[in-house]
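# Close look at the chain arrangement
As a plain string of letters, each chain reads:
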Amino acid sequence: MTTARGDGLGRMRALAAALPDALETGYRSGREVAAPLSKQELRVAAVGMGGSGIAADLARGLVESESRASLTVVRSAHLPRGFGAGSEVLLVSYSGNTWETLAAYDMAGRAGARRTVITSGGTLLERAESDGVVALTVPPGLPPRSAVGYLLGGVLGLLDSVFPESLEGRLARVAAATRSRIATYARRRGPAAALAEKVGLRFPLIYAESSFLPLARRWKTQIEENAKRLAGFDEIPELLHNAIVGWDAVSSGDARRYAVLFLDWPGESPMVRTSIAYLERLLKGKGVVLGRVELPSDDRLEALVSGIALGDHVSLFLAERRGVDPYPVDAITRLKAAVGGTDRIHR
Ligand code: F6R
């Protein structure tokens, strides 16, 4: 679809296809600027909003399950208590102009934490340069959500030393595997197009087990920003303790207005699998449209990166179906103009 701003859909598809390259580039840059983490700095916080915050969040499952560090993701201007001297705070803002991240940058400085910024420029980079704070810079000129490869790779590169083994070889393998999957995801008769077809005009809900929840959130936010429509996500097993009651009460007529996509990772525990199967039976019985998205590897990193690529393509097919341009996010630009926190990317 051609718009006044050019071929937004083509541009977004090209950016989605560049995910594996961006991931590798971001990772290399992260390793280049990383300072060794002391024992206390194994307590890491990453602050970021929207397309920047999600990158840190996507890294969290891997860091928490495989490394010596703990990674707390903060999506607000307030750094939680306890991240002071001896801890590491990553400030992630693609534009470098997001007020929440800038406020947290100041707060982390006052608390005495060691700071690292990940950004393409803006005030955050200016401040880091004048304060002598380490900065990992990523290429400018992208919609922040399309910089996820650089940002996620950057976080992993910065934290590489806390993993028992460097992620270098694994990341190269994951990038190669994702490259060939993307060729399939981009096809009109491929799995991404089929999922978009299944969702159609229904309200999409993305469900995932706790450690893949950031991936479910990524699918939801990509559908919102690219296809310009609402979506939801929820966490398994938590949703079996609340949302299930809501589902139970949904009438068969209303149930048809929803599409539930389960992000299914082969490494999940048998209890989680049994619970998902129970929920699926309930939803199927009501007539909810269901999609089981099998994440393609028991390697958590590979499942994650391929899952990002698949979700991005689903959101772009949904945008195409509705005839909307996935590129601009004018509502965010208007909000930033109204409340402060400029973001030149969207102008
Ligand atoms: C994604 C997007 C937003 C921004 C968010 C924060 O494309 O436009 O979700 O990511 O408003 O801005 P940054 O990422 O520049 O800190």
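In this report, the structure presented in the accompanying data block is examined. (Residues numbered from 1 in each chain as written. Predicted model: local features only at pLDDT ≥ 70, side-chain atom pairs only at ≥ 80, totals over all residues. Heavy atoms only, no water.)

## Description of the overall build of the protein chain
Assigned secondary structure in the protein chain consists of 14 helices and nine strands. Against the compact-globule benchmark of 20 Å for 347 residues, the protein chain has a radius of gyration of 20 Å, which places it among compact chains. When the backbone C-alpha atoms are referred to their principal axes, the protein chain occupies close to 60 × 50 × 40 Å. Looking at the 347 residues of the protein chain, the share that counts as buried comes to 56%. A fraction of 79% describes how many contacts in the protein chain between residues 6 or more apart in sequence connect residues 24 or more apart. Summing over all exposed atoms, the protein chain offers an accessible surface of approximately 14,400 Å²; the carbon and sulfur share of this is 53%. Computed over 44 positive and 38 negative side-chain charges, the inter-centroid distance for the protein chain is 4 Å. (Helix = DSSP H or I, 4+ residues; strand = E, 2+ residues; numbered from the N terminus. Rg over C-alpha atoms; globule rule 2.2 N^0.38 Å. Buried < 20%, exposed > 50% of the residue type's maximum accessible area, 1.4 Å probe, protein only. Contact = heavy atoms within 4.5 Å. Areas by Shrake-Rupley, 256 points an atom, 1.4 Å probe, with all protein chains shown as cover. Lys, Arg positive; Asp, Glu negative; His and termini not counted. Charge placed at Lys NZ, Arg CZ, Asp CG, Glu CD.)

## Quick word on the pattern of salt bridges
Tallied over the entire structure, the rule returns 24 salt bridges. With its nearest N and O atoms 2.8 Å apart, the salt bridge here joins Arg-179 to Asp-21. Residue Arg-179 is located in helix α7 (residues 168–185), and its partner Asp-21 is located in helix α2 (residues 19–33); the two are separated by 158 residues in the primary sequence. Arg-179 sits in the partly exposed class, given a relative accessible area of 34%. Taken together, the shared-partner salt bridges connect Glu-66, Arg-170, Arg-173, Arg-181, Asp-299 and Glu-302 into one network. (Salt bridge = Lys/Arg side-chain N within 4 Å of Asp/Glu carboxyl O.)

## Overview of the sheet that holds strand β2 (residues 70–74)
A sheet is described by the order of its strands in space; here five strands give the open sequence β2-β1-β3-β4-β5, paired in parallel fashion. Strands with a single pairing partner mark the edges of an open sheet, and in this sheet they are β2 and β5 (134–137). Averaged over neighbouring strand pairs, the angle between their axes works out to 20 degrees when direction is ignored. Bridge analysis of strand β3 (residues 88–93) against strand β4 (residues 114–119) gives six bridges, and the strand direction is parallel. (Pairing = 2+ DSSP bridges. Axes fitted to C-alpha atoms, helices over the stretch in contact; angles between N-to-C directions.)

## Points about empty space enclosed by the protein
Applying the stated criterion across every chain yields a total of one cavity of 30 Å³ or more. Put simply, the largest cavity is a space of about 50 Å³. Asp-57, Leu-58, Gly-61, Leu-62, Ser-211, Phe-212, Pro-214, Arg-300 and Leu-304 together form the lining of the largest cavity. Residue assignment for the lining of the largest cavity shows that the elements contributing at least two residues are α3 (50–66) and α13 (300–322). Counting residues per element, the lining of the largest cavity draws most heavily on α3, which supplies four residues. In terms of residue class, the lining of the largest cavity is built from five nonpolar, two polar and two charged. (1 Å grid on protein atoms, 1.4 Å probe; cavity = no way out; pocket = protein on both sides within 12 Å on 5 of 7 lines; lining within 4 Å. Points joined across faces, edges and corners; volume = space filled by probe spheres on them. Nonpolar A, V, L, I, M, F, W, Y, C, P; charged D, E, K, R; others polar.)

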